[in-house]
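# Topology and contacts: notes
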Amino acid sequence: DSIKFLANKHGFAFFFAPLPRGKRIGGAGILVRNETFARLNKTTFRSHYSGGACTLSFTMNDMTLKVASVYAPADGKERSAFFESISSMIDSSTILSGDFNCVDDTTLDT
C-alpha cells in the first residue's frame, strides 16, 4: 500500500501483481500517469499467480493495446517454467518490458 500511495502522490496510477502468501521479494508492476490513465477506455488488469507478471489492456483513440511487465526468476529452470506459464498473457501486439533475468554471455555478467 505504501508503494501505491507514493505512486499516487507523484501522479501515477499503479497496477501491481500481488505476491503469493509468504513471498516477500519480486513482483511486477505498471505505472501510468494519471492524466494518461484518465484518457484510457476499457481497461483490464490481469496478474499472474506468481506475482511475477501483469498486463494492462486498454483502448485509446480507437486503438486496443496491451502493456505487460515481468520479473522473471533468476534460476534457469524456474525461469523457463515461468515464461511457459505466462505465454497465454502475451500476444503479438503486447508491449513487453521487465527484468527477464537473462544473460546473453555469462562471462560478461560479473
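Coordinates for the structure precede this section.
Residues numbered from 1 in each chain as written. Predicted model: local features only at pLDDT ≥ 70, side-chain atom pairs only at ≥ 80, totals over all residues. Heavy atoms only, no water.

### A word on the pairing of strand S3 (residues 41-47)
Let me state the cut-off plainly: Two strands are counted as paired when DSSP detects at least two bridges linking them. To qualify as a helix, a DSSP run of H or I must reach at least 4 residues; to qualify as a strand, a run of E must reach at least 2; elements of each kind are numbered from the N terminus.
Note that S3 and strand S4 (residues 53-60) share five bridges and pair antiparallel. Its bridge partner being in S4, Phe45 is matched across the sheet by Leu56. Hairpin connection from S3 to S4: five residues lie between these consecutive antiparallel strands, with Gly51 at a positive phi of about 85°.

### Quick word on the packing of aromatic side chains
The line we're drawing: In this scheme Phe, Tyr and Trp rings, the latter by its six-membered ring, pair at centre separations within 6.5 Å, and the angle between planes marks the pair as stacked below 30 degrees, edge-to-face above 60, and tilted otherwise. The classification of residues rests on relative accessible area computed with a 1.4 Å probe and restricted to protein chains. Under 20% of the type maximum is buried, over 50% is exposed, and intermediate values are partly exposed.
For the structure on display, the rule yields five aromatic pairs. With centroids separated by 5.6 Å and ring planes inclined at 25°, the aromatic side chains of Phe14 and Phe16 adopt a geometry described as stacked. The exposure class of Phe14 is buried, given its relative accessible area of 17%. An angle of 25° between the planes, with centres 6.3 Å apart, marks the rings of Phe83 and Phe100 as stacked. In this pair, Phe83 is assigned in helix H3 (residues 76-86) and Phe100 in the segment after strand S6 (94-99), connecting sequence segments 17 residues apart.

### A short note on the nonpolar core
Defined as follows: For our purposes a nonpolar core is just a set of buried Ala, Val, Leu, Ile, Met, Phe, Trp, Tyr and Cys residues, chained together by side-chain atoms within 4.5 Å. By the convention used here, residues are in contact when the closest approach between their heavy atoms is within 4.5 Å.
Ranked by size, the top nonpolar core spans 11 residues in total: Ala13, Phe15, Ala17, Ala28, Ile30, Val32, Leu40, Cys54, Leu56, Phe58 and Met60. Here this core takes four residues from S4, the largest share from any one element. Excluding its chain neighbours within four sequence positions, the residues that come into contact with Ile30 are Ala13, Phe14, Phe15, Cys54, Thr55, Leu56, Val67 and Ser69. The next biggest cluster of nonpolar side chains, apart from the first, holds six residues, and it includes Ala53, Phe82, Ile86 and Met89.

### Comments concerning the pattern of salt bridges
Note the following rule: We count a salt bridge whenever a side-chain nitrogen from Lys or Arg sits within 4 Å of a carboxyl oxygen from Asp or Glu.
Evaluation of the coordinates by the stated rule reveals one salt bridge. Close ionic contact of Asp91 with Lys66 constitutes a salt bridge, the shortest N to O distance being 3.5 Å. Of this pair, Asp91 sits in the loop between H3 and S6 while Lys66 sits in strand S5 (residues 63-71), and the two are 25 residues apart along the sequence. The exposure class of Asp91 is partly exposed, given its relative accessible area of 37%.

### Thoughts on the sheet that holds S6
Either a parallel or an antiparallel arrangement is found when strands of a sheet pair, and the pairing is made through backbone hydrogen bonds. Operational definition: Note on definitions: angles span 0 to 180 degrees between N-to-C directions of axes, and those axes are lines fitted to C-alpha atoms, for helices only across the stretch in contact.
The strand order across the open sheet formed by four strands is S3-S4-S5-S6, and the pairing between neighbours is mixed. Each having just a single partner strand, S3 and S6 make up the two edges of the open sheet. Geometrically, the sheet is characterised by an average inter-axis angle of 15° between neighbouring strands, direction not taken into account.

From the geometry alone we can't say anything about function, so treat these as descriptive.
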